[in-house]
Every structure is written in structure tokens, then in C-alpha cells.
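# Observations on the three-dimensional arrangement
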Amino acid sequence: MAKKVFLGIGHGGSDPGAVANGLKEKDLNLSIGLYTKSELERHGVSVGISRTTDENDPLTEEIKECNAFNPDLAVEIHNNAGGGDGCEIYHYSKGGTSKTLAQNILNEVVAIGQNSRGLKTKLGANGKDYFGWIRGTVAPAVLVECAFVDNKTDIAIIDTPEEQKKMGVAIAKGILKTLGIAYVEEKPVVPD
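Scope of this entry: the structure provided in the associated data block. (Residues numbered from 1 in each chain as written. Predicted model: local features only at pLDDT ≥ 70, side-chain atom pairs only at ≥ 80, totals over all residues. Heavy atoms only, no water.)

## A few points about the side chain of His-91
For His-91, the position within the fold is in strand E6 (residues 87–91). Overall, the relative accessible area of 6% leaves His-91 in the buried class. With residues near it in sequence (within four places) discarded, His-91 still touches Ser-98, Lys-99, Ala-102, Leu-119, Lys-120, Thr-121, Asp-129, Ile-134, Ala-141 and Val-142. (Helix = DSSP H or I, 4+ residues; strand = E, 2+ residues; numbered from the N terminus. Buried < 20%, exposed > 50% of the residue type's maximum accessible area, 1.4 Å probe, protein only. Contact = heavy atoms within 4.5 Å.)

Next comes the structure, spelled out in C-alpha cells:
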């Protein structure tokens, strides 16, 4: 049976997310997410995705869609702001497959030249996981922050479609490794 992965695409519609340097987080998230989706599908993975266009995408809806899809893994794609540099990935505070998934994705993102801010957990005042995505999904889930849109050096890794594809493929490779699916290089298309 095909493995299933659900991709949450952060922000959208009237919520642009972080905005800086002429970039909107919602657009970057979607572009990277669509590349992740096509790469996973190329490896036979069945992919659910919270949005494929620029539309309002409330987190509660994303979680509902994700749980209805019943995936093996759930990955929420974001970009950061606040002047930092690098990729950080939040995972379930008690570790497990969520932490393995986070580490596998981070390794692949670092391999394309991005700096690592490490694996992170964040708890709310109630001692439970802070992020609704990690708390609410039934599948092992992570939240990927690819880069900082307000850092001119950092966004150089995702500010073109080619680079967004690279980031999407890196995320897909980390997911595939976690699913135990060997990565197959894409064969270049040779014109007739």
C-alpha cells in the first residue's frame, strides 16, 4: 500500500505570513510545498495538501483535512522572520518518529547549503506542544521553517523558483528517508 503524507502550507489568502525583501511567506510556502508534493509523488507517495492556490487556509481546517487523510507523516511548511538565519524544525516534544522526521529533513536542507538552527520543541503554558499543527494531527508531525524572509543573506537560498524546487526536494528527501523509501535521482529529459 502506498505511503501517505500530508503537507500543510502555512498562511495564504488574506494572511501573507512574514513579508520582507519583496517576498511573501505564503507564496514561498506554496511554491516549496508544491515541489515537495511532486517529488514525493514521483516516488509513489500519496500526498494530501492543504492548499494548491493562494487561499485562506485556517490551521483548524488544515488539521481537519490532515486527520481525514490519515497520513503516515504530516509536514507543515513555513518561512521565518525575526532576523535569524537558517532552517529550524519543530517536532513533537516527546520525540519519536516526529523527531526522526525533523532530523532527516534538516540533514537534507543542510546538504543544499542552508544553515541549521537545529531541531526544536516548544511548549505552551499548559505543558503541551505549543503548535496546533503538532498537537492536533494524529500522524507524527513537524513544522519546517525553511529560511528567514527578513534576512537578505538567508533568503538567497529560496528567492528563485529553482531554489524553491531545491528546498522542496530536500524536504521530500527527508520525508522519503523517514518512510524507508530510497531516493531516485530524476533522469534529465533528453530531447528527441
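The discussion continues.
## Section: helix H6 (residues 161–179)
Over its 19 residues, H6 runs 27 Å from end to end, which matches the ideal 27 Å to within 8%, given 1.5 Å per residue. Along H6, the residues classified as buried are Gln-164, Met-167, Gly-168, Val-169, Ala-170, Ile-171, Ala-172, Gly-174, Ile-175, Leu-176 and Leu-179. Those residues of H6 that are buried are in contact with strand E1 (4–9), helix H1 (25–42), strand E5 (73–80), helix H3 (97–111) and strand E8 (141–148). Among the residues trailing H6, Gly-180 stands out with phi positive, at a value near 75°. (Expected span 1.5 Å × (residues − 1).)

## Quick word on the pairing of strand E7 (residues 116–120)
Both E6 and E7 contribute to a ladder of four bridges, which runs parallel. Its bridge partner lying in E7, Tyr-90 is registered against Lys-120. As for the winding sense of the linkage, the β-α-β connection from E6 through H3 to E7 is right-handed. (Pairing = 2+ DSSP bridges. Right-handed = clockwise from strand over helix to strand, strands pointing away.)

## Observations concerning the environment of Ala-18
Mapped onto the elements, Ala-18 comes out in the loop between E1 and strand E2 (19–20). Ala-18 gets classed as buried once you look at its relative accessible area, which sits at 12%. Along the sequence, Ala-18 and His-78 sit 60 residues apart, while their C-alpha atoms lie 9.4 Å from each other. Among residues more than four places away in sequence, those in contact with Ala-18 are Leu-23, Lys-24, Glu-25, Asn-80, Ala-81 and Val-149.

## Structural notes on the packing of H1 against H6
To characterise two packed helices, one gives the angle between the axes of the helices and the distance between these axes. Viewed as axis vectors pointing N to C, H1 and H6 meet at an angle of 50°, and their least axial separation amounts to 7 Å. Classified by the interaxial angle, the pair formed by H1 and H6 is oblique. Between H1 and H6 lies a crossing whose hand is right-handed. Seen from H1, the contacting residues are Leu-28, Ser-31, Ile-32, Tyr-35, Thr-36, Glu-39 and Leu-40; seen from H6, they are Pro-161, Gln-164, Lys-165, Met-167, Gly-168, Val-169, Ile-171, Ala-172, Ile-175 and Leu-176. (Axes fitted to C-alpha atoms, helices over the stretch in contact; angles between N-to-C directions. Parallel < 35°, antiparallel > 145°, perpendicular 65-115°, else oblique. Left-handed = near helix turned anticlockwise from the far one by under 90°.)

## A closer look at the packing of aromatic side chains
Enumeration according to the criterion identifies four aromatic pairs in this entry. Centroid distance Phe-6 to Phe-69: 6.1 Å. Interplanar angle 55°. Geometry classified as tilted. Remark: Phe-69 occurs in helix H2 (residues 59–69) and Phe-6 occurs in strand E1; sequence separation between them is 63 residues. Here the aromatic residues Phe-6, Phe-69 and Trp-133 are joined through ring pairs into a cluster of three or more. Its end group placed over the ring of Phe-69, Lys-4 keeps NZ or CZ at 4.6 Å from the ring centre. Lying over the aromatic face of Tyr-130, Lys-122 brings its terminal NZ or CZ to 4.1 Å of the ring centre. (Phe/Tyr/Trp six-rings, centres within 6.5 Å; stacked < 30°, edge-to-face > 60°. Lys NZ or Arg CZ within 6 Å of the ring centre and 35° of its normal.)

On their own, these measurements won't tell you what the molecule is for.
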